[in-house]
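Residues per chain, in single letters:
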Amino acid sequence: MIVRLFGIMALAWAFGFALFMLLLPKPLDGFTSDAIVVPTGGAGRIDRGIALLRDHQAKRMLVTGVAPGVRPIDLALEYRTSPALFACCIDLGADAVDTRSNAEETAQWVRVHKYRSVRLVTSDWHVARARMELAAALDKNVVILGDGVPGTPRLGTLVNEYNKLILRRIALWIGYGG
């Protein structure tokens, strides 16, 4: 009986992981939102956010999880972007250190600006968990659009992310940290 239970759990995990891999979000084109949120930590994320902002796909952008001491001019130079764009339309959040605190920092920023729709720009393999954390932190009436930046993560990274997604989903279901 126990062996069957573990077998069923292993099959369910494998099936879920296959779905996770097959359904990685793509870049979201053709949609506008009030704001763009970009958690730091992955290649192409900030570039994608800046491109969307330049294309008038949102009014403002938050880069959450920026290292303390990083200034807007530092990022403007690194991403070859006008400092004026950073001055008018890009905020830097330095309080977050992980996905959960990115969501908390973002939720506070969204509330201050009274935004009703947010485009979450992050690595394709990270969208599901980042979106889940953001949904748990935000008011229910805020629409979250997931915008996946294509990446080439290692299998271990994908397995780790899938396991984190499952564990965090369970934690939220039982009311821990939500």
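Our structure is the block above this text.
What comes next concerns the included structure. The residue numbers shown here count from 1 along each chain, following its written sequence. Given that the model is predicted, a residue must reach a pLDDT of at least 70 before its local features are reported, and side-chain atom pairs must reach 80 or more before they are shown or counted; all residues, however, enter totals for whole chains, interfaces and linings. The basis for every side-chain value is the complete set of non-hydrogen atoms in the structure, without hydrogens or water.

## Quick notes on the pairing of strand 2 (residues 60–64)
We apply this condition: Categorising residues by exposure relies on relative accessible area from a 1.4 Å probe, with only protein chains included: less than 20% of the type maximum marks a residue as buried, more than 50% marks it as exposed, and the intermediate range marks it as partly exposed. Strands here mean DSSP runs of E at least two residues long; helices mean DSSP runs of H or I at least four residues long; both are numbered from the N terminus. The pairing criterion is simple: DSSP has to find at least two bridges between the two strands. Handedness rule for crossovers: strands pointing away from the viewer, path from the first strand over the helix to the second running clockwise, crossover right-handed.
A large share of strand 2 lies buried, amounting to five of its five residues. What you see with strand 2 is no split at all: Arg60, Leu62 and Thr64 on one side and Met61 and Val63 on the other are buried throughout. Examined bridge by bridge, strand 1 (residues 35–39) and strand 2 share five bridges and lie parallel to one another. When the sheet's bridge partners are listed, proline 39 is paired in strand 2 with threonine 64. Regarding topology, helix 2 (residues 45–54) serves as the crossover connection from strand 1 to the parallel strand 2, and that connection is right-handed.

## Focus: the packing of aromatic side chains
To keep things clear, this is the line we draw: Two rings belonging to Phe, Tyr or Trp (six-membered ring only in the last case) form a pair when the distance between their centres is within 6.5 Å. Interplanar angles under 30 degrees mark stacking, angles over 60 mark edge-to-face geometry, and anything in between is tilted.
Applying the stated criterion to the full structure yields six aromatic pairs. Ring geometry for phenylalanine 20 and tyrosine 162: centres 5.5 Å apart, planes at 45 degrees, overall tilted. With phenylalanine 20 in helix 1 (residues 2–22) and tyrosine 162 in helix 7 (residues 155–173), this pair connects stretches of sequence that are 142 residues apart. Residue classification places phenylalanine 20 among the buried residues on the basis of a relative accessible area of 10%. When its relative accessible area of 9% is taken as the criterion, tyrosine 162 is described as buried. Three or more aromatic residues joined by ring pairs make a cluster, and in this case those are Trp13, Phe17, Phe20 and Tyr162.

## A closer look at a nonpolar patch on the surface
Put simply, the rule is: Residues enter a patch when their relative accessible area is above 30% and they make no salt bridge; the linking distance is 9 Å between like charges and 5 Å between nonpolar side chains (Val, Leu, Ile, Met, Phe, Trp, Tyr). Accessible areas in this description were obtained via Shrake-Rupley with a 1.4 Å probe; residue shielding takes into account the shown protein chains only. We define a salt bridge as a side-chain nitrogen of Lys or Arg found within 4 Å of a carboxyl oxygen belonging to Asp or Glu.
On the surface, Leu167, Ile170, Trp173, Ile174 and Tyr176 cluster together into a nonpolar patch covering about 670 Å² of accessible area. With respect to the helices, strands and loops of the structure, isoleucine 170 is situated in helix 7. The partly exposed category is assigned to isoleucine 170, whose relative accessible area is 39%.

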